[in-house]
4 protein chains.
Amino acid sequence: MTSSDVLDTTLSIQLQKASDILLNDLDLLLKAIEKRSIEHKNTVTIGRSHAIHAEPITFGLKLAGYYAEFKRNKKRLLDARKEISTCAISGAVGTFAHIDPYVENYVSQKLDLIPEEISTQIIPRDRHAMFFSILGVIASSVERLATEIRHLQRTEVREVEEFFSQGQKGSSAMPHKRNPVLTENLTGLARLVRSSVIPALENVTLWHERDISHSSVERMIAPDATITLDFALHRLTDVIENLLIYPNTMQLNLEKLGGLVHSQQVLLALTQKGASRESAYEMVQSNAMKVWETPEHERKNVYKKLLIDDQNVRKFLDEAEIEKLFNLEQHFVHVDTIFQRVFSK
Amino acid sequence: MTSSDVLDTTLSIQLQKASDILLNDLDLLLKAIEKRSIEHKNTVTIGRSHAIHAEPITFGLKLAGYYAEFKRNKKRLLDARKEISTCAISGAVGTFAHIDPYVENYVSQKLDLIPEEISTQIIPRDRHAMFFSILGVIASSVERLATEIRHLQRTEVREVEEFFSQGQKGSSAMPHKRNPVLTENLTGLARLVRSSVIPALENVTLWHERDISHSSVERMIAPDATITLDFALHRLTDVIENLLIYPNTMQLNLEKLGGLVHSQQVLLALTQKGASRESAYEMVQSNAMKVWETPEHERKNVYKKLLIDDQNVRKFLDEAEIEKLFNLEQHFVHVDTIFQRVFSK
Amino acid sequence: MTSSDVLDTTLSIQLQKASDILLNDLDLLLKAIEKRSIEHKNTVTIGRSHAIHAEPITFGLKLAGYYAEFKRNKKRLLDARKEISTCAISGAVGTFAHIDPYVENYVSQKLDLIPEEISTQIIPRDRHAMFFSILGVIASSVERLATEIRHLQRTEVREVEEFFSQGQKGSSAMPHKRNPVLTENLTGLARLVRSSVIPALENVTLWHERDISHSSVERMIAPDATITLDFALHRLTDVIENLLIYPNTMQLNLEKLGGLVHSQQVLLALTQKGASRESAYEMVQSNAMKVWETPEHERKNVYKKLLIDDQNVRKFLDEAEIEKLFNLEQHFVHVDTIFQRVFSK
Amino acid sequence: MTSSDVLDTTLSIQLQKASDILLNDLDLLLKAIEKRSIEHKNTVTIGRSHAIHAEPITFGLKLAGYYAEFKRNKKRLLDARKEISTCAISGAVGTFAHIDPYVENYVSQKLDLIPEEISTQIIPRDRHAMFFSILGVIASSVERLATEIRHLQRTEVREVEEFFSQGQKGSSAMPHKRNPVLTENLTGLARLVRSSVIPALENVTLWHERDISHSSVERMIAPDATITLDFALHRLTDVIENLLIYPNTMQLNLEKLGGLVHSQQVLLALTQKGASRESAYEMVQSNAMKVWETPEHERKNVYKKLLIDDQNVRKFLDEAEIEKLFNLEQHFVHVDTIFQRVFSK
């Protein structure tokens, strides 16, 4: 048995153990997201594309998207664990010249590893490259959720806040400030975990039956990337569990656009009633522009009123029909279906 | 249906088609490697660690390691294909407010895609990040095999050569040169494919229900990475199919170390006969150093002779026993087992 | 003269020409930023740290920071241009065995290049690695400014907007939407330019006196990275030149925190009047929390009133003194100094 | 003064100090390379392109190329040091609202820093991105030299070896082995230093006047990248200082191609004597192929003899002329010129 056999199999065991810890972290995070998601299944909030108000969703739906993403990440991490759960005891160049394959099989079984189909002195590094790539994907998902919270906490939005204990001080210079420092920190940690992907990919190309250039890399990135991701997942779970969620502010923000978020509904109704796509679009947009030019605090219901007062619109839709188009309920008729898709086991 | 629904589902179809082409490429490459591997199952060559001669292997075994690696890559690519084979037709923020989920299901079935469990305006980008990460791993395997060939073709080794047609000119300035330009090219192409991994990971963090920053990235890396990898796999298959393999040179190179590659065998034999690990090591190494100091072309069988002449060694091993330790056959008793592991379906 | 001499010197010329174009792009961008910066030198807006309102700045100051950053980028690009402006005509391994150094000197002078101090068959690739790294830094600055605009355009902030022509349609599904699609595009383009940095760094390690693995990489990244950055700088210049800037909204947003942005000023005044740091902090923060709990549209001047009504505060500051602390002017006494630093030639 | 002012200026000081250490490291490395370069100014060795023998150079010339590269790196590191040697004490959003710019100037002078022209709460991160990019370039140069040594130490080349102390054990399993483990380690360390470049570039895009996502990244990469590079430069200096260099082996390797390395010289002579480029090329290459087919150990002077015996060749060149073409001296007439270029102060 060479020292490389021992070192490489040890690394397998370490990465396997790290995977188990990370899998457990993901379970806790999933549980936290699920809980808050169900809690806010019907909390209406505005959906945004390009950071511009689009159409209403619920906060529970928003979180459900992250739940589905981390479910995928859990599946990927299981694959990653499998990738690195192999054992090689095949001698200096992998021929089993001085040791019977029986030993490899025996040890593999004892260690709950799979014998590496063919090794040289080492376990091939495409396995580890795959492992760290998957950590990079998970870290990117962490960053996406962290970024969402940072956006929602900004002064002008403030639909959620990271938990802020009664006694906790904010910024030393500006005591009123409640900064989303945890999720900003997570954004940075994601960059760090991702930075292990390229060196892991560069590690694949070892010379001939092995060179040891991969070793210094792994001695740094193996603990750094796994521990950083473990810390990040814990922190993210804490953030989600304790997230302050403000449905009232969500409602106020939703109203700020004076009903414009229903414009697509209006557009569809007009065309169904016989307006050409072009003229319907023109009616919808010209009134929309007027809302846009109204001061924010005077916008409530403005769009609906403008449409009711627009004689061109009224050729196709009566007042009651317009009223109905501004009903929020229509947006949420499929929430149950989506929740069923995401959370059913 | 939003334009994003159409664009994203179209991207799924394109990446799925690209996957199918790449899967076919991998099949052809695997076939080529398998053929040459079986052809040279018993072609003895030196195994090298740290680019230093270690112990004998066969050229077929060397190739079998790459075969196993590309089998893993095929499995990964199948996973990648699955990752991006989803369809989203869920409206502006994913609520199905203006379109029934039935449409998504219907279209998915027609297009041989899976309905995305939950989407916003877009299919979540962790899927694409995973896809490009897997291309990066495959490209790194391409680089490893290309690098192996570049090493084996260098003037001082020259155990293999890229095919060089009768009429083909070499370097314009140095007409005798046969440069491994195809595998050098593959090394560069691997860097290119890998360069799509980080932007794909950065694409995961879109704002709220979507922003369009991912789009310009994908319009470049989706064709560039898939086409480059397709080209690279084809080129690599050509290189392997037509690789000039020189068993005689392999034999000559093997002999250049004067039998030192058997030193571990000697070490083990000495300790089994009662020598302490320390003194066995000392005997083995002091004689090894003498070989090292012998001119290369005079080294044939030198190590064996030195050991036979060493009275300390002879206290533990007689001449016949030493002779037997220099038998190459012992190194290859498990070749069948390994081939069975790698190539059995 | 080898073909590599010709190819490498040609690459120098191409990258030099690309540098000249990019330098011109930066000049145009600098001019655009300077113009808007001076135009809004005194346009008051809120400064934000952690995306939370901090203290007032002016919009001109905000832009001046980007001006300074792109000035640095111009200096870096001049260095990059110098790095790759060399010529090598030194033969197959750089010995000038078949060609006199005089030729290299002569051609260098004609082409406005510097003779490479020592080359092998090629110009050393640390030069090109430096070149692409600098493009990566510039692209990251592009992303920072693009991201700033994306934030400022979001529905809840809307202090600026990308130019939106009268006739231009917004989102097809949601006609009221004005999406910051140009700056989102720039965010993606930055990722692409940055993706050339790692392959360029990997290109440095060529084997012995040269291998050709760098070539396929450069044939892709040299045009891709330079043209993408050229396009991005042009687009960013357009965005800045035509940016719709809304001082009124900036003023409204500034008032949304009810005067909390002056809290540091209050804190300093209290301590100067003899309050301990701890008790001053307590007074400032407890009143701040009350503002925080007031509905947004009722917050105007609330903080000032709360402080005037707070007997603890009044032990240290009288009404006139408190009034004075809420004066915006104090924040801008050094704007001239900073503009002088940034824009003086 | 905000805590960020203190933290950022402290980071400047730390990176400045790290730069000074690294500059000193580079000086020591340059000294070591210069010494060995001069020592082997006239040690003839084969130059290789594509890892194939090309034309002769001297080992001193080879090292001189690395000397020039690390001189460039020193200049770059001086630029990097300048980039991060700034001080910001400008308050919460950079307006100097509560602190006079005089303080910043005063502190800057005391700390040997430059006042940041314009800062927000923090020093802009394009500076740090540039700093780490430059470390990435230097690390890549380390990898290039390390790779050169790894190639030259391989069993079949063995023109140099890392120092191997008398008592030092080689591989535990194969005691004759002298592995280039230091330079393999350096190859891995280069990957690690390079891995800090992308997160440093991603750190540039902070939100508005600052967010703190850069901080966790810098707390890891600032010590990791600088200390790793410091260690790598020391190790590389040791390797160069103590490198075992084998001129005899270089001579033997040079002869292995039977004189083919002079083929370009022959080609030029034939065309100068009136042969067409095509026919000259044909003569040169057809004889070259015969050398190629001769066993390695019988190749000495074979090419020259073949040419002398070739009646087509003899129509243009007599025996004395051919003899002269195989003179090594012609390759080295410009070595002094190159050394002058590289080592003159």
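Everything discussed here concerns the structure shown above.
The following refers to the structure shown. For clarity, every value in this text was computed on a predicted model and none was experimentally measured. (Residues numbered from 1 in each chain as written. Chains lettered and ligands numbered in written order. Predicted model: local features only at pLDDT ≥ 70, side-chain atom pairs only at ≥ 80, totals over all residues. Heavy atoms only, no water.)

1. Thoughts on unusual backbone geometry
Residues and elements named next belong to chain C.
Thought 1: Backbone geometry at D112 places phi at a positive 60°, although glycine is not the residue there.
Thought 2: Inspection of the secondary structure puts D112 in the loop between α3 (101–111) and β4 (114–115).
Thought 3: Although it is not a glycine, R158 adopts a positive phi angle of roughly 45°.
Thought 4: Relative to the helices and strands, R158 resides in the loop between α4 (126–153) and β5 (160–161). (Helix = DSSP H or I, 4+ residues; strand = E, 2+ residues; numbered from the N terminus.)

2. What to know about the relation of the copies chain D and chain C
Thought 1: Least-squares fitting of chain D to chain C yields an RMSD of 0.1 Å, with the transformation described by 0.0 Å of translation along the axis and a rotation of 180°. Taken together, the rotation and translation relating the two chain copies correspond to the operation of a two-fold axis. For chain D, the smallest separation between a C-alpha atom and the rotation axis is recorded for S133 of chain D, amounting to 3.1 Å. (Least-squares fit on C-alpha atoms with pLDDT ≥ 70 in both.)

3. Topic: the relation of the copies chain B and chain A
Thought 1: When chain B is fitted onto chain A, the two copies agree to an RMSD of 0.1 Å after a turn of 180° and an axial shift of 0.0 Å.
Thought 2: Here 97% of the contact residues of chain B are again contact residues in chain A; the copies associate through an equivalent surface. (Contact = heavy atoms within 4.5 Å.)

4. Observations regarding the packing of aromatic side chains
Thought 1: In the structure shown here, the tally under the stated rule is 22 aromatic pairs over all chains.
Thought 2: With centroids separated by 4.5 Å and ring planes inclined at 45°, the aromatic side chains of Y67 of chain C and F343 of chain C adopt a geometry described as tilted. With Y67 of chain C in helix α2 (residues 59–83) and F343 of chain C in helix α14 (residues 335–343), this residue pair connects regions lying 276 residues apart in the sequence. Neither residue differs from the other here; Y67 of chain C and F343 of chain C are each classed as buried.
Thought 3: Centre to centre, the rings of F131 of chain C and F132 of chain C are 5.3 Å apart; their planes meet at 85°, and the pair counts as edge-to-face.
Thought 4: Linked through ring pairs, Y67, F339 and F343 of chain A together constitute an aromatic cluster. (Phe/Tyr/Trp six-rings, centres within 6.5 Å; stacked < 30°, edge-to-face > 60°. Buried < 20%, exposed > 50% of the residue type's maximum accessible area, 1.4 Å probe, protein only.)

5. Topic: the interface of chain D and chain C
Thought 1: Taken together, the 77 residues of chain D in the interface contact 78 residues of chain C.
Thought 2: Taken as a group, E117, H208 and R341 of chain D account for 12% of the area that chain D buries against chain C, more than any other trio of residues on that side.
Thought 3: Here chain D is connected to chain C by 14 salt bridges.
Thought 4: Between R341 of chain D and E104 of chain C there is a salt bridge, with its nearest N and O atoms 2.8 Å apart.
Thought 5: Put simply, chain D and chain C have 34 residue pairs in polar contact (both at pLDDT 80 or more) between them.
Thought 6: Taken together, the elements giving at least two residues each to the side of chain D that touches chain C come down to β1 (44–49), β2 (52–58), α2 (59–83), α3 (101–111), α4 (126–153), α6 (197–202), α9 (263–272) and α14 (335–343) of chain D.
Thought 7: Among the elements that take part in the side of chain D that touches chain C, α4 of chain D stands out by supplying 16 residues, more than any other.
Thought 8: Classifying every residue of the side of chain D that touches chain C by side-chain character gives 31 nonpolar, 23 polar and 23 charged. (Buried area = accessible area lost by both parts, 1.4 Å probe. Salt bridge = Lys/Arg side-chain N within 4 Å of Asp/Glu carboxyl O. Polar contact = N/O pair within 3.5 Å; in protein donor to acceptor, adjacent residues only side chain to side chain. Nonpolar A, V, L, I, M, F, W, Y, C, P; charged D, E, K, R; others polar.)

6. Remarks on the nonpolar core
Thought 1: By size, the foremost hydrophobic cluster in this structure holds 312 residues, and its most contacted members are F70 of chain A, F70 of chain B, F70 of chain C together with F70 of chain D.
Thought 2: Not counting residues up to four positions away in its chain, the partners in contact with F70 of chain D are L26, L29, L30, I33, I138, S141, V142, L145, L233 and L236 of chain D. (Core = buried A, V, L, I, M, F, W, Y, C linked by side-chain atoms within 4.5 Å.)

7. Quick look at the environment of A190 of chain C
Residue and element names in this part refer to chain C.
Thought 1: One can find A190 in helix α5 (residues 181–194).
Thought 2: Here A190 falls in the buried class, since its relative accessible area comes to 2%.
Thought 3: Separated by 162 residues in sequence, A190 and L28 place their C-alpha atoms 19 Å apart.
Thought 4: Excluding its chain neighbours within four sequence positions, the residues that come into contact with A190 are A139 and E143.

So, to be careful, I would describe these as geometric facts and stop short of saying anything about function.
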